[in-house]
Amino acid sequence: MSLRINDTAPDFTAETTQGTINFHEWIGDGWAILFSHPKDFTPVCTTELGYMAGLQPEFQRRSCKIIGLSVDPVTNHGKWAVDIEETQGHKVNYPMIGDTELKIAKLYDMLPAQSGTTAEGRTAADNATVRTVFIIGPDKKIKLMLSYPMSTGRNFDEVVRVLDSIQLTAKHKVSTPVNWKPGDDVIISGTVSNEEAQQKYPRGWKSPKPYLRIVPQPK
């Protein structure tokens, strides 16, 4: 199953460090970030999980839950969390999924079907493709997929920036330009006619080209 942006995020039931969850029910009416890891006790992932723990209040302010996944047992996750807090300075207070049968990794197209049915005996290199971040909206649609190699730590500040952009553009008929940050100018969506734009932006807009209509970020 190949996943794309705007596909419905596959639903699943799984064991986590905070008990059994049904994913769509767990998301509820808000936003969610699912980020995956090839194995517990790996160095790059240790730094990532710790950094996300530090960012959790930022996601909470954006009505966004976060959940980790690693293809190891939940019991290992708990032991790993101790290392994460000790080395990274942040306690992991979000759930971590145990995907010991590789079902969710396959469901989310991070491992091929022929990968077997157990994490036992597999190395981090065997699971190298389980390194994807998914942002999922209240409609349970995938809004972003971001994959990194094992050797490169992910930029979760960028994930916060993208979430801000996605939430803004979901509320207003705008797009965000390159390197946009909250408070910067935005672009009126191409689906908005000039007549409609004039009603929403009576002061007008900057337009270096007819298709490029720039306005201050809506409040």
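That block above? That's the structure.
Source: prediction; values computed, not measured.

A. Spotlight on the environment of Thr 8. By the secondary structure assignment, Thr 8 is in the segment before strand E1 (13–16). Between the C-alpha atoms of Thr 8 and Leu 212, which are 204 residues apart in sequence, the distance is 31 Å. Side-chain polar atoms of Thr 8 contact the side chain of Lys 141, separated by 3.2 Å.

B. How the structure looks around helix H2 (residues 43–61). End to end, H2 covers 29 Å across 19 residues, agreeing with the expected 27 Å (1.5 Å per residue, within 8%). The axis of H2 is deflected most strongly, by about 50 degrees, at Leu 55, and proline Pro 57 appears within four residues downstream. All of the buried residues in H2 are Cys 45, Thr 46, Glu 48, Leu 49, Gly 50, Met 52, Ala 53, Leu 55, Gln 56 and Phe 59. Where H2 is buried, its residues touch strand E3 (31–37), strand E4 (64–70), helix H3 (74–88), strand E5 (96–98) and helix H5 (156–171). Backbone geometry just after H2 places Ser 63 at a positive phi near 55 degrees.

C. View of the sheet that holds strand E9 (residues 186–188). Reading across the sheet, the 4 strands line up as E8-E9-E11-E10 and stay open at both edges, with antiparallel pairing between neighbours. In the strand order of this sheet, the two ends are held by strand E8 (174–175) and strand E10 (206–209), each with one partner.

D. Structural detail: the state of the cysteines. In the structure shown here, the tally under the stated rule is 0 disulfides. Lacking any disulfide linkage, Cys 45 is separated from the closest cysteine sulfur, that of Cys 64, by 19 Å. Accessibility expressed as a relative area gives 3% for Cys 45, which makes it buried. Given the relative accessible area of 4%, Cys 64 is considered buried.

Calculation rules
Throughout this document, residue positions are counted from 1 along each chain, in the order its sequence is written. Under the rules for a predicted model, residues below a pLDDT of 70 receive no local features and side-chain atom pairs below 80 are neither given nor counted, while totals for whole chains, interfaces and linings still include all residues. Think of the side-chain values as coming from all heavy atoms in the structure, minus any hydrogens and water. Here a helix means four or more residues in a row that DSSP labels H or I, a strand means two or more in a row labelled E, and each is numbered from the N terminus. Think of a polar contact as two N or O atoms within 3.5 Å of one another; within protein, one of them needs to be a possible hydrogen donor and the other a possible acceptor, and neighboring residues in sequence only count if both atoms come from side chains. Expected span of a helix: the number of residues minus one, times 1.5 Å. Bend, in this description, refers to the angle at a residue between axes fitted to the seven residues ending there and the seven starting there. Residue burial is assigned from relative accessible area. The probe radius is 1.4 Å, only protein chains are included, and a residue is buried under 20% of its type maximum, exposed over 50%, and partly exposed in between. Throughout, a residue-residue contact means that at least one pair of heavy atoms, one from each residue, lies within 4.5 Å. Between any two strands, at least two bridges found by DSSP are needed for them to pair. Only a pair of cysteine sulfur atoms within 2.5 Å counts as a disulfide in this structure description.

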